[in-house]
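Each chain, written out:
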Amino acid sequence: MFDIGWGELVVIGVVALIAIGPKELPTVLRTIGQYMGKVRRMANEFQGQFQEALREAEVADLKKQAEDWKSTVTDFANYDPLAETAKTEESGERTSVETSPVTAEAAGEAAPPALEAAPSLPEIATELPLPELPPPVTSVDFAPAEPKAEPSPSPEQAPQQAPKQAGGAA
């Protein structure tokens, strides 16, 4: 905090000894020590209260974030993706996107013809063929492969060997 070296402390001590006197110096030093202790306690108390206020604010933010997450999770848990579709089917409304005649005429096109009712999912499922499933994987599929035997070289690929002569060195 303060950069006071030993030299500066000696100078301060000599000046205090001369100004205050040797008889009063211990009392003054004790009083200064008490005040310094009070100042340190007040600084520590202030710092503790400040840290506590930061922790409370952080905890409040964490609680708010946890409540937001909880409400989001609750919304996901209560979400029914088929509810809107069921409501639409019950009311008989159609949820397809169509071009309005005004827009088509403004674009210089003829109005689109009325679309037929789309087939329901069970009708589509019975019309489409199902793909064949691949055979299940077995331990034979993971068996080590047998090494292939090398084919013997054909007479054309075989190296030409010189005929051996009988009776010694050539």
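The rules behind the values
Residues numbered from 1 in each chain as written. Predicted model: local features only at pLDDT ≥ 70, side-chain atom pairs only at ≥ 80, totals over all residues. Heavy atoms only, no water. Helix = DSSP H or I, 4+ residues; strand = E, 2+ residues; numbered from the N terminus. Buried < 20%, exposed > 50% of the residue type's maximum accessible area, 1.4 Å probe, protein only. Areas by Shrake-Rupley, 256 points an atom, 1.4 Å probe, with all protein chains shown as cover. pLDDT = per-residue confidence, 0-100. Contact = heavy atoms within 4.5 Å. Phe/Tyr/Trp six-rings, centres within 6.5 Å; stacked < 30°, edge-to-face > 60°. Expected span 1.5 Å × (residues − 1).

**Looking at the overall build of the chain**
Alright, step 1. Scanning the chain from N- to C-terminus turns up five helices and zero strands.
Alright, step 2. Helices (α) and strands (β) of the chain occur, in sequence order from the N terminus, as α-α-α-α-α.
Alright, step 3. Burial analysis of the chain (170 residues in total) assigns 2% to the buried set.
Alright, step 4. Total accessible area on the chain stands at roughly 17000 Å², and carbon and sulfur atoms take up 61% of it.

**Points about the confidence of the model for the chain**
Alright, step 1. When pLDDT is averaged across the chain, the result is 75; 63% of the residues are at 70 or more.
Alright, step 2. Within the chain, the element-level pLDDT minimum falls on helix H4 (residues 101–106), averaging 49, and the maximum on helix H2 (residues 25–77), averaging 91.
Alright, step 3. Every residue in residues 97–101 is under pLDDT 50, and counting partners more than four places away or in other chains gives three contacts.

**Notes on the packing of aromatic side chains**
Alright, step 1. Scanning the entire structure with this criterion turns up one aromatic pair.
Alright, step 2. When the centroid spacing of 6.4 Å and the interplanar angle of 20 degrees are considered together, the rings of phenylalanine 46 and phenylalanine 50 count as stacked. With phenylalanine 46 and phenylalanine 50 both in helix H2 and four residues apart, this pair spans about one turn of that helix.
Alright, step 3. The exposed category is assigned to phenylalanine 46, whose relative accessible area is 58%.

**A look at helix H1 (residues 6–20)**
Alright, step 1. Across its 15 residues, H1 extends 21 Å between first and last C-alpha, which sits within 8% of the 21 Å expected from 1.5 Å per residue.
Alright, step 2. Backbone geometry just after H1 places glycine 21 at a positive phi near 100 degrees.

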